[in-house]
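# A closer look at the structure
The primary structure of each chain is shown beneath.
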Amino acid sequence: MMDPSTRQDAAGEGFLAEAGHPALQARLLRMVVQDRLPHALLFAGPEGCGKDRFALAVAQLINCTGPEPGVCGQCASCQKIARFTHPDVQWIFPTPAESKRSDEELQRV
């Protein structure tokens, strides 16, 4: 994690333009700068609103080891998160339940 004094300059800006939601980015960045980030974040909203991309950007923000405030995208941490291979970032999402119907029943439906 970066030194909080270097993060102060970026407290009013976003951290990754491609992730969208600039007001939320600024708010989360202020929380990180002030060392007041909650222990858990829940990203909810309609399909296609950018929840997954935003969550990925937040994970990069928290774990980035780059010299500048925000997300560098170049450090090992940022790259591992982008490839979904970072050991400290867990993705939890629902999976389809097994159907109790036979293949024939499903074909008729």
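Residues numbered from 1 in each chain as written. Predicted model: local features only at pLDDT ≥ 70, side-chain atom pairs only at ≥ 80, totals over all residues. Heavy atoms only, no water.

### Details of the layout of surface pockets
Volume-wise, the largest pocket comes out at about 660 Å³. Lining the largest pocket are 21 residues, with Leu41, Phe43, Ala55, Gln90 and Trp91 positioned closest to its centre. (1 Å grid on protein atoms, 1.4 Å probe; cavity = no way out; pocket = protein on both sides within 12 Å on 5 of 7 lines; lining within 4 Å. Points joined across faces, edges and corners; volume = space filled by probe spheres on them.)

### Remarks on the packing of aromatic side chains
Overall, the coordinates contain two aromatic pairs when judged by the stated rule. Ring geometry for Phe43 versus Phe54: centroids 5.6 Å apart, planes at 75°, classification edge-to-face. Here Phe43, found in the loop between helix H2 (22-33) and helix H3 (51-63), pairs with Phe54, found in helix H3; they are eleven residues apart in sequence, far enough to count as distant. Given a relative accessible area of 29%, Phe43 falls into the partly exposed group. Using a relative accessible area of 3% as the deciding quantity, one classes Phe54 as buried. Where Phe84 meets Trp91, the ring centres are 5.5 Å apart and the plane angle is 70°; that geometry is what we call edge-to-face. Here Phe84 falls in the exposed class, since its relative accessible area comes to 54%. (Phe/Tyr/Trp six-rings, centres within 6.5 Å; stacked < 30°, edge-to-face > 60°. Helix = DSSP H or I, 4+ residues; strand = E, 2+ residues; numbered from the N terminus. Buried < 20%, exposed > 50% of the residue type's maximum accessible area, 1.4 Å probe, protein only.)

### Re unusual backbone geometry
Unlike most non-glycine residues, Asp35 shows phi in positive territory, near 55°. Following the sequence through the fold, Asp35 ends up in the loop between H2 and H3. The backbone of Phe84 shows a phi angle near 60°, a positive value even though the residue is not glycine.

### Quick notes on the confidence of the model for the chain
Per-chain confidence: the chain averages 78 in pLDDT, with 79% of residues scoring 70 or above. When mean pLDDT is taken per element in the chain, helix H4 (residues 76-82) scores highest with 94 and helix H1 (residues 4-7) scores lowest with 40. Below a pLDDT of 50 lies the segment residues 1-12, which in the model reaches 24 contacts outside its immediate sequence neighbourhood of four places, other chains included. (pLDDT = per-residue confidence, 0-100. Contact = heavy atoms within 4.5 Å.)

### Side note on the side chain of Gln60
Mapping Gln60 onto the fold places it in helix H3. Residue Gln60 is classed as buried on the basis of its relative accessible area of 5%. Side-chain polar atoms of Gln60 contact the backbone oxygen of Cys78, separated by 3.1 Å. (Polar contact = N/O pair within 3.5 Å; in protein donor to acceptor, adjacent residues only side chain to side chain.)

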